[in-house]
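Tertiary structure, described
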Amino acid sequence: MHFTPMQTSPDETWATFVQDIEAELDAHRDRAFSDASQAFAATEAARQPWSRARVIEWLSFQTYYEYQAILFISKWLQSTPETDALVLLCQQIEDEGNHFNWLNQHLEQLGARLSEWTPLPEIVDWVESFYGSLPDTIARLAAHNLAGESGACRSFSSIVPFLPDDLQKTMRRIMPDEQFHLRLGRRILSKYCTTDEQRDRARHYALEVAELETRAIQAFNRKLATLEN
Ligand SMILES: [Fe+2]
Ligand SMILES: [Fe+2]
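Only a predicted model underlies this, so the values are computations on that prediction, with no experimental measurement involved.

A separate point is helix H1 (residues 16-32). Its 17 residues place the ends of H1 24 Å apart at the C-alpha level, agreeing with the 24 Å of an ideal helix rising 1.5 Å per residue. Listed in full, the buried residues belonging to H1 are Val-18, Ile-21, Leu-25 and Arg-29. Each buried residue of H1 lies within a common arc of 75° when the element is viewed along its axis, so the set occupies one face. Exposed residues on H1 whose side chains face more than 90 degrees from its buried face are Thr-16, Asp-20, Ala-23, Ala-27, Asp-30 and Arg-31. Residues of H1 that are buried sit in contact with helix H5 (137-159), helix H6 (165-192) and helix H7 (196-227).

As structure tokens, this is what we get:
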């Protein structure tokens, strides 16, 4: 017998409360990053091909994020009794492992080392402390897969045109995977949030990410701005 991996379809539909949370996240991000430039691209200098220093700094962050995603998602598996969510998260870890590997190769080609890069405290609070301590599947998928991955999809599409060609190619390979992680979050939340209390918890964790992410990105944008001088 031939088994195929679990799939999500772009045409799949989601519970209304999931769509409402996403609309709230979008509104939050529209307010936080009000000019057209978006996350990680807040200055005039960011709207043209990025300097090597800026590419290395952003790529270091993104490579770190993919690596941390492997660590916190693999930790979640130990306490994921929902077997469909467990299998989907295993597929996600494989994707994040590939992303880490590809981006790390770009970083090393640029002469940089992830081990020599230190994340800002606001980034550690968001990526390591918050994602690393989420209590259960609803909290984790609302925070990381719904809020975190939708933010990643949004910021990737806003910055990809300013990256070097070879890195653009890799990012375009990564983006459909992040869309899949977003869709699996929508699917699992639609299935397992059956009470108002669970739906409220999902919303709470998703919106908490919007706050943490905004603080981290604003701090990171300030650091990127110093590289332009
Ligand atoms: Fe990823
Ligand atoms: Fe992802």
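Let's pick the thread back up.
So, on to the environment of Glu-96. For Glu-96, the location among the structural elements is in helix H3 (residues 83-109). You can call Glu-96 buried: it has 24 C-beta atoms within 10 Å. With 27 residues separating them in the primary sequence, Glu-96 and Ala-69 have C-alpha atoms 6.7 Å apart. Those residues in contact with Glu-96, other than ones at most four positions away along the chain, are Glu-66, Ala-69, Ile-70 and Ile-73.

The rules we used
- Residues numbered from 1 in each chain as written.
- Chains lettered and ligands numbered in written order.
- Predicted model: local features only at pLDDT ≥ 70, side-chain atom pairs only at ≥ 80, totals over all residues.
- Helix = DSSP H or I, 4+ residues; strand = E, 2+ residues; numbered from the N terminus.
- Expected span 1.5 Å × (residues − 1).
- Buried ≥ 20, exposed ≤ 12 C-beta atoms within 10 Å, placed from the backbone.
- Arc of directions from axis to C-beta.
- Contact = placed C-beta atoms within 7 Å.

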